[in-house]
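# Reading the structure
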Amino acid sequence: MIRAKIVGTGAYAPDRVLTNADLEKLVQTSDEWIVQRTGIRERRIVAEGEATADLAVRAAERALASAKLTPDDVDFIIVGTTTPDMILPSTANLVQLRLGCRRVGSIDVLAACAGSVYSLLMGAQFIQTGKYRRVLAIGAEALSRIVDYTDRGTCIILADGAGAAVLEAAEDGSGIIDGDLYSDGKYWELLYMPGGGARHPATHETVDKRMHFAKMKGNEVFKVAVRMFAESTSQLLARHGFKASDVDLFVPHQANLRIIEAAAKRVDLPMDRVFVNVDKYGNTGAASVYVAMAEAVDAGRLRPGDLVLIAAFGGGFAWGAALMRW
Ligand code: UT7
């Protein structure tokens, strides 16, 4: 049986650091409140002129280098992002060009913060069917471009970054065992950006009404997120006869430390087997699980043979989980 296995990971965070103290100057908030309620201490933000594809290319180069592969080896590119450089063409197309890949297929996946698990599992399908040998799966965001820095409900958590994973066909029992993707559109108004699409194309009025910024009912998102995280991961583990105690490392979407802790508690996973880096990067949307996996590899916390669980949750709502043997 062919499985898709992650053989290389890479992450890239833009240089510019935005601390909680910086945010105290922009909105009515405090370092104490942000740390207590989210666990976030600082986040990275793109520079003037920098955008999602720039971050994606850097992360992809690092992932390819760690897999000891070149752009020529890539058979397909998939980019999870909510903040493409442009509506047209796809960011994946720009990555294909900038990396210097062959004329391989490339596509963006929009599943908000679940874009990590979505892109990874969708990329894996091409390998499992035998269609492609290597897929470059990327999550990249410049969420600061759609953040309203007068809205303390969103500007404290959303941030920028990119991560990538090289998926390769493996037949030695390692790789992605299974994964599930879900969505429920009834929650769409809890996290959305109204302007700039076909419903409300950009006009002076949409700009004046601040419709090109993400709107979020954070507390309601929080509650559903914890439930969906716990449900999706428990179901996946149970289906394969695993218990929480079998999981070596859980790498969740880094939205808020309290969401991660609450979900881990429900699944019965101690925090020493949960990877957390939300303190350094905030919520980087579709990038976060990729960035976390890359850092976990570098920290020696993902070793061959480990049972690894990942999960992500975001606007839409869209969410999903995957289980793999590293
Ligand atoms: O990536 C997937 C999608 N996004 C998420 O997963 C985000 C999920 N939500 C969250 O992370 C949290 O809901 C937030 C961090 C956004 C907000 O934290 P919360 O604990 O849910 O706060 P809250 O909205 O319930 O507000 C509690 C209080 C309110 O004051 P009162 O009414 O109790 O007096 C807010 O006005 O905290 C106030 N507040 C703040 N105070 C200081 C809200 N935001 C802030 C702030 N600084 N930034």
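Procedures and definitions
Residues numbered from 1 in each chain as written. Predicted model: local features only at pLDDT ≥ 70, side-chain atom pairs only at ≥ 80, totals over all residues. Heavy atoms only, no water. Near = heavy atom within 4 Å. Polar contact = N/O pair within 3.5 Å; in protein donor to acceptor, adjacent residues only side chain to side chain. Helix = DSSP H or I, 4+ residues; strand = E, 2+ residues; numbered from the N terminus. Nonpolar A, V, L, I, M, F, W, Y, C, P; charged D, E, K, R; others polar. Domains from an automatic or database assignment. Buried < 20%, exposed > 50% of the residue type's maximum accessible area, 1.4 Å probe, protein only. Lys, Arg positive; Asp, Glu negative; His and termini not counted. Salt bridge = Lys/Arg side-chain N within 4 Å of Asp/Glu carboxyl O. Pairing = 2+ DSSP bridges. Axes fitted to C-alpha atoms, helices over the stretch in contact; angles between N-to-C directions. Contact = heavy atoms within 4.5 Å.

Moving on, we get to the site of the ligand. Taken together, 23 residues are adjacent to the ligand, and Thr29, Arg37, Arg152, Asn256 and Asn283 come closest. Glycine 218 places a main-chain nitrogen or oxygen 3.0 Å from a nitrogen atom of the ligand. Within the contact set of the ligand, an oxygen atom lies 2.8 Å away from a side-chain nitrogen or oxygen of asparagine 219. Of all the secondary-structure elements, those providing two or more residues to the shell around the ligand are helix 2 (31–38), helix 6 (152–155), helix 8 (218–239) and helix 9 (257–267). In terms of residues, the shell around the ligand owes the most to one element, helix 8, which gives four residues. Within the shell around the ligand, the residues separate by chemical class into 11 nonpolar, nine polar and three charged. When we break the shell around the ligand down by domain, the ones giving at least three residues each are domain 1 (3–172) and domain 2 (177–325).

What follows covers the side chain of glutamate 141. Structurally, glutamate 141 can be placed in strand 6 (residues 134–142). As a buried residue without a salt bridge, glutamate 141 has its nearest oppositely charged side chain in arginine 145, at a separation of 11 Å. There is a polar contact of 3.4 Å between the side chain of glutamate 141 and the side chain of threonine 81.

The next subject is the sheet that holds strand 5 (residues 105–109). Remark on secondary structure: sheet strands pair via backbone hydrogen bonds, oriented parallel or antiparallel. Strand order across the open sheet formed by five strands is 1-7-6-4-5, with mixed pairing between neighbours. The open sheet has two edge strands, strand 1 (3–12) and strand 5, and neither has a second partner. Neighbour to neighbour, the strand axes of the sheet diverge by 20° on average, direction disregarded. The pairing of strand 1 with strand 7 (residues 160–170) spans nine bridges and is antiparallel. Counterpart to tyrosine 12 in the pairing with strand 7 is alanine 162. Seen against the sheet, helix 11 (residues 288–298) touches strand 1, strand 6 and strand 7 and runs at an angle of roughly 90° to strand 1.

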